[in-house]
Amino acid sequence: MIDLRSDTVTKPTPAMRRAMAEAEVGDDVLDGDPTVLALQERVAAMLGKERALFVPTGTMGNACGLWVHGRHGTEAYAHDDSHIVNWEIAGLAGLRGLQPRMVRGAPVMTLETLKAAVRSPSKHAPTASVVCFENTHNGAGGMVTPIAELRAMADFARSTLKLPIHMDGARLWNAHVATGTPLADFAECADTVMVSFSKGLGAPLGAVVAGSAAHIEEAFSARKRFGGGMRQSGIVAAAALHGLEHHLDRLADDHANAKRLARIIADGVSDVRVVPPDTNIVMIDLPARIDAPAVTAKAKALGVMISAWHDKRVRVVCHLDASAAQVDEAARVMVQALKGD
Ligand SMILES: *Cc1c(COP(=O)(O)O)cnc(C)c1O
């Protein structure tokens, strides 16, 4: 089976497992685990932030960021197709008492759509306490918001709306590798940034939320309250460090594989719409004659696993555990599955 459902399916490599087995550890809740501290320092430096905090999942990293900036009974600006809105079972409402103020219109948030979402002030209308960015954007097919647009959005949020920004950067690594823009330039456009190690970097789990010392102090308490204080977590942090060391630059291979797969499918099946991939995710919109569950079932029968994003869209993700040859084989199978013959 070639599994292209997500870059989360990657398994720790033998070298990563060795790094985990050999990690120096301590009690991170009591007085710090040396490998976790090393990871936090390294990622904070990469992102140009004062401090970083290791969390078990990206979802908890987003929850910590929203905890720090959000105020109960206010709104969080968020794209209507964002992970925070669609895939975190309303954590922003359930944990922080925030209502999403949906930013609609384009596949990803833009300065124009953010501006269009701003309410006219009224004593009867909600106020907002935070703006959420997502880069790359999962629902849009790993789309990158380029640094110029991101800076314009950040400037508007800070100067005009006078609001702090949390960035869901689960795949910010991919945005960096695809564009060459330094990670710190992207991260400068937000007050807190979450980055994940369990996607393209291939670690079994783990994410970091980074920001100012004061924000991360608050995030530390939030993590504890959410049940995310971990003890000898250096075992996992070692996998993240290994991923940063060995799997960051190679994300370019995933991007090249995704572009090739997209081209093969677009050339091979005339009536589908392939969203041109910026990074490692390929979204394919289906014509009336076929729906996503039928395509995924057909592909699976032929040895390729992909996911149904919704009824008329399938999603294919290139990653560490799928070689160029396997992606080419998957593309060939998908052409067959999409033709429905
Ligand atoms: C995967 C993902 C998350 C959540 O990460 P988990 O570790 O699965 O909780 C958040 N945001 C985006 C954009 C993601 O793709």
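Fair warning: this is a prediction, and the values are worked out from it, not measured in the lab.

Rules behind the numbers
Residues numbered from 1 in each chain as written. Predicted model: local features only at pLDDT ≥ 70, side-chain atom pairs only at ≥ 80, totals over all residues. Heavy atoms only, no water. Helix = DSSP H or I, 4+ residues; strand = E, 2+ residues; numbered from the N terminus. Buried < 20%, exposed > 50% of the residue type's maximum accessible area, 1.4 Å probe, protein only. Pairing = 2+ DSSP bridges. Axes fitted to C-alpha atoms, helices over the stretch in contact; angles between N-to-C directions. Contact = heavy atoms within 4.5 Å. Near = heavy atom within 4 Å. Polar contact = N/O pair within 3.5 Å; in protein donor to acceptor, adjacent residues only side chain to side chain. Areas by Shrake-Rupley, 256 points an atom, 1.4 Å probe, with all protein chains shown as cover. Nonpolar A, V, L, I, M, F, W, Y, C, P; charged D, E, K, R; others polar. Salt bridge = Lys/Arg side-chain N within 4 Å of Asp/Glu carboxyl O. Domains from an automatic or database assignment.

A. Expanded view of unusual backbone geometry. Cis geometry is adopted by the peptide bond preceding Thr136, which originates at Asn135 and carries an omega value of -5°. Within the element layout of this structure, Thr136 appears in the loop between β5 (128-134) and α7 (147-160). The phi torsion at Ile89 lies on the positive side, around 35°, for a residue other than glycine. Tracing the backbone shows Ile89 in the loop between α4 (83-86) and α5 (91-96). A relative accessible area of 83% means that Ile89 is categorised as exposed. The phi dihedral of Lys162 is positive, around 55°, even though this residue is not glycine. Taking relative accessible area as the criterion, Lys162 reaches 65% and is therefore assigned exposed.

B. A look at the sheet that holds strand β7 (residues 192-196). Taken in spatial order, the seven strands of this open sheet run β2-β8-β7-β6-β5-β3-β4, and their pairing is mixed. Edge strands, defined here as strands with exactly one partner in the open sheet, are β2 (51-55) and β4 (98-103). Between one strand and the next, the sheet's axes are offset by a mean angle of 20°, whatever the strand orientation. Where β7 and strand β8 (residues 207-211) come together, four bridges link them in antiparallel fashion.

C. Structural view of the environment of Thr181. For Thr181, the position within the fold is in the loop between α8 (172-179) and α9 (183-187). Under the relative-accessibility criterion, Thr181 is labelled buried at 13%. Expressed as a C-alpha distance, the spacing of Thr181 and Ile147, which sit 34 residues apart in the sequence, is 7.3 Å. Those residues in contact with Thr181 that lie beyond four places of it in its chain are Ile147, His176 and Phe186.

D. Broad picture of the site of the ligand. As a matter of local geometry, the ligand sits amid 13 residues, with Gly58, Thr59, Asp168, Arg171 and Lys199 nearest to it. Take Gly58: an N or O atom from its main chain is 2.8 Å from an oxygen atom of the ligand. Protein chains shield 86% of the accessible area of the ligand, which is 390 Å² for the free molecule. Examining the composition of the shell around the ligand, we find that three residues originate from one element, helix α3 (residues 58-69), more than from any other. Of the residues belonging to the shell around the ligand, the class tally is two nonpolar, six polar and five charged.

E. Focus on the environment of Thr145. Summarising the element assignment, Thr145 is placed in the loop between β5 and α7. Thr145 has contacts with Val108, Met109, Glu134, Asn135, Leu150, Met153 and Phe186, leaving out every residue within four places of it along the chain.

F. Broad picture of the pattern of salt bridges. Applying the stated criterion to the full structure yields 17 salt bridges. A salt bridge links Glu188 to Arg158, with the shortest nitrogen-to-oxygen separation between them at 3.8 Å. Here the residue Glu188 occupies a position in the loop between α9 and β7, and Arg158 occupies one in helix α7, the gap between them amounting to 30 residues. Exposure remark for Glu188: the relative accessible area of 47% places this residue in the partly exposed category. A relative accessible area of 29% places Arg158 in the partly exposed class. The closest approach of N and O atoms between Arg250 and Asp254, which form a salt bridge, is 2.5 Å. With respect to burial, Arg250 and Asp254 carry one shared label: buried. Taken together, the shared-partner salt bridges connect Arg158, Glu188 and Asp191 into one network.

G. Layout of the domain arrangement of the protein. Along its sequence, the protein is carved into domain 1 (14-246) and domain 2 (250-339). The partner domain 2 presents 14 residues to the 18 residues of domain 1 that form the contact. At the surface where domain 1 touches domain 2, the tally comes to zero salt bridges. Where domain 1 packs against domain 2, one counts five residue pairs in polar contact (both at pLDDT 80 or more). Ranked by the residues each element gives to the side of domain 1 that touches domain 2, the list is headed by α8, at four residues.

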